[in-house]
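Listed below are the residues making up each chain.
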Amino acid sequence: MLRLSTPSIDESVIEAVNAVLRSGQLVYGAQGQRFEAMLQDFLGVRHAIVVSSGTAALHLALVALGIGPGDAVLIPNFTFPATGNVVRLVGAHPVLVDVDPSTYCVTPDSVAAAIDAWRGPQPLRAFIPVHEFGHPADMRALLPLARYHGLKIVEDAACAIGATEHGKACGTHGDIGCWSLHPRKTLTTGEGGIISTDDDALAAKLRLLRNHGMVRQPQGIRFDEPGYNLRLTDIQSAMGLVQLPHLPHWIDQRRSLAAHYRQALAPMVSAGLMALPANHPGHSWQTFMVVLRADIDRATLICDLAEEGVETNLGAQCLSMQPAFEDIQPLPATVHASSLYRHGLALPFCESYGPQQVALVTNLLNRLLLAPKTQKTT
Ligand SMILES: *Cc1c(COP(=O)(O)O)cnc(C)c1O
């Protein structure tokens, strides 16, 4: 089976993990501190704080900014549902924004339209732009818009580690940035997440909340406020330390894989069978999602591809079409978000794939999309 993606784990990662296991220091040791220092360098931020997942990062960000019951938060209506779950979990109200049909990210126009249409009793307090699949959201235009409306900005860069906009890392433009280190993302520690901020007081608060609200002093520990346990282990940090230096090369490989796909899929695009994702020079290509023509039966296509040994999947979710968010309907209607959810198809994509895998996938797609169902023998 050609998997949607597979993490790149070599022997040096296994060695690094073994060394931590032998050391006896499994949490809050030197590995975590070194990983955070390396991330601060890589991202160009004052504080990188590692946590147990991307969702933990987003959740902690909202708590630290004081977002809670009575607040409204702008989020895209096309994303991984964790973006919306955390808003609901802190008791705030998600306001759903449409996305662009080819970048899959919110735009200044769609955000402005949602702000204009918002009539709820809750004041808009925060905005979570998502750098969907690694495509940079247009922070240059979104930032002043959000600031004008007095919104805190938490960037969901969960799938965008290594993505940049005008040379600056995605996730470092707003008040807080959040990344995921899940195995489906380009850099993984099994599970894991990163929070960044340039604000020293906010960083101190995030660190406190990550670890039970605990303060360590020479004479003993003290608990300053109720906190969570959202730490990353040193086992995971050791993986990250070995993996992070490879990331720029992996992203280069992903950019060249995206270029191969674009070329190989061009005839199907010309034939009107699908549309391709926007190409941005700072795109980190965590996922390569095409959009199928509306009348193509995606469910059947996914099953047929799987039967031929190729794993594909939906791209991301339209939140208002999920039971968990059914009670929250977007205004104005988010036509692109629902269409991308219905017709998006994520293709096998990771740094270890090349022209051979692209040929396998595109030849199959070509055959299955051009062969009417009725002509099949099975
Ligand atoms: C993966 C992802 C998350 C969640 O990250 P986890 O580490 O799995 O908790 C949140 N938002 C987006 C956009 C994601 O792609």
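Residues numbered from 1 in each chain as written. Predicted model: local features only at pLDDT ≥ 70, side-chain atom pairs only at ≥ 80, totals over all residues. Heavy atoms only, no water.

Caption draft 1: Structural detail: helix α11 (residues 335-343). Within the span of α11, buried status applies to A337, S338, L340, Y341 and H343. Looking at the buried side of α11, the elements it contacts are β3 (78-79), β14 (288-292), α10 (298-307), β15 (317-318) and β16 (344-347). (Buried < 20%, exposed > 50% of the residue type's maximum accessible area, 1.4 Å probe, protein only. Helix = DSSP H or I, 4+ residues; strand = E, 2+ residues; numbered from the N terminus. Contact = heavy atoms within 4.5 Å.)

Caption draft 2: Region of the structure containing the site of the ligand. The environment of the ligand is formed by 16 residues, the closest being G54, T55, D156, S180 and K185. Within the backbone of G54, an N or O atom sits 2.8 Å from an oxygen atom of the ligand. Here an oxygen atom of the ligand and a side-chain polar atom of S180 are 2.6 Å apart. When the ligand is considered free in solution it has 380 Å² of accessible area, and contact with the protein chains removes 91% of it. When residues in the shell around the ligand are grouped by element, the largest group, three residues, is from helix α3 (residues 54-64). Across the shell around the ligand, the residue classes tally to six nonpolar, eight polar and two charged. (Near = heavy atom within 4 Å. Polar contact = N/O pair within 3.5 Å; in protein donor to acceptor, adjacent residues only side chain to side chain. Areas by Shrake-Rupley, 256 points an atom, 1.4 Å probe, with all protein chains shown as cover. Nonpolar A, V, L, I, M, F, W, Y, C, P; charged D, E, K, R; others polar.)

Caption draft 3: Examining the domain arrangement of the chain more closely. When the domains of the chain are assigned, the result is domain 1 (11-246) and domain 2 (247-371). The C-alpha centroid of domain 2 is placed 25 Å from the C-alpha centroid of domain 1. Across the contact, 45 residues belong to domain 1 and 41 residues belong to domain 2. Approximately 3400 Å² of surface area, both sides summed, lies buried where domain 1 meets domain 2, with 62% of it carried by carbon and sulfur atoms. Broken down residue by residue, the surface that domain 1 buries against domain 2 is led by N77, F133 and T186, which jointly contribute 20%. Where domain 1 touches domain 2, the interface holds one salt bridge. D327 is paired through a salt bridge with R88; the nearest N and O atoms lie 2.8 Å apart. Taken together, domain 1 and domain 2 are joined by 20 residue pairs in polar contact (both at pLDDT 80 or more). Of all the secondary-structure elements, those providing two or more residues to the side of domain 1 that touches domain 2 are β2 (72-76), β3, α4 (82-89), β4 (93-97), α5 (108-117) and β7 (164-165). Broken down by element, the side of domain 1 that touches domain 2 gets its largest block of residues, four residues, from β4. (Domains from an automatic or database assignment. Buried area = accessible area lost by both parts, 1.4 Å probe. Salt bridge = Lys/Arg side-chain N within 4 Å of Asp/Glu carboxyl O.)

Caption draft 4: Representation of the layout of surface pockets within the structure. As a volume, the largest pocket reaches approximately 480 Å³. In terms of lining residues, the largest pocket is bounded by 27 residues, among which F80, H182, R184, K185 and Q286 are the most central. Those elements that place two or more of their residues in the lining of the largest pocket are α3 and α4. Here the lining of the largest pocket gets three residues from one element, more than from any other, and that element is α3. Split into classes, the residues belonging to the lining of the largest pocket amount to 10 nonpolar, 12 polar and five charged. Built from parts of two domains, the lining of the largest pocket gets at least three residues from each of domain 1 (11-246) and domain 2 (247-371). (1 Å grid on protein atoms, 1.4 Å probe; cavity = no way out; pocket = protein on both sides within 12 Å on 5 of 7 lines; lining within 4 Å. Points joined across faces, edges and corners; volume = space filled by probe spheres on them.)

Caption draft 5: Molecular detail of the pairing of strand β9 (residues 176-180). By the criterion of burial, β9 is predominantly enclosed, with five of the five residues buried. Where burial is concerned, the two faces of β9 agree: the one with I176, C178 and S180 and the one with G177 and W179 are both buried. Pairing geometry for strand β6 (residues 152-156) and β9, over three bridges, is parallel. Each residue of the ladder has a partner; that of D156, found in β9, is C178. Note: β9 against strand β10 (residues 193-197), four bridges, orientation antiparallel. Considered in β10, the bridge of G177 is made with S196. (Pairing = 2+ DSSP bridges.)

Caption draft 6: Quick look at the pattern of salt bridges. Counted by the stated rule, this structure contains 12 salt bridges. Here D71 and R125 are joined by a salt bridge, their closest N and O atoms 3.1 Å apart. One end of the pair, D71, is in the loop between α3 and β2; the other, R125, is in strand β5 (residues 124-127), and 54 residues separate them in sequence. The exposure class of D71 is buried, given its relative accessible area of 8%. One salt-bridge network, in which partners are shared between bridges, spans E36, R207 and R210.

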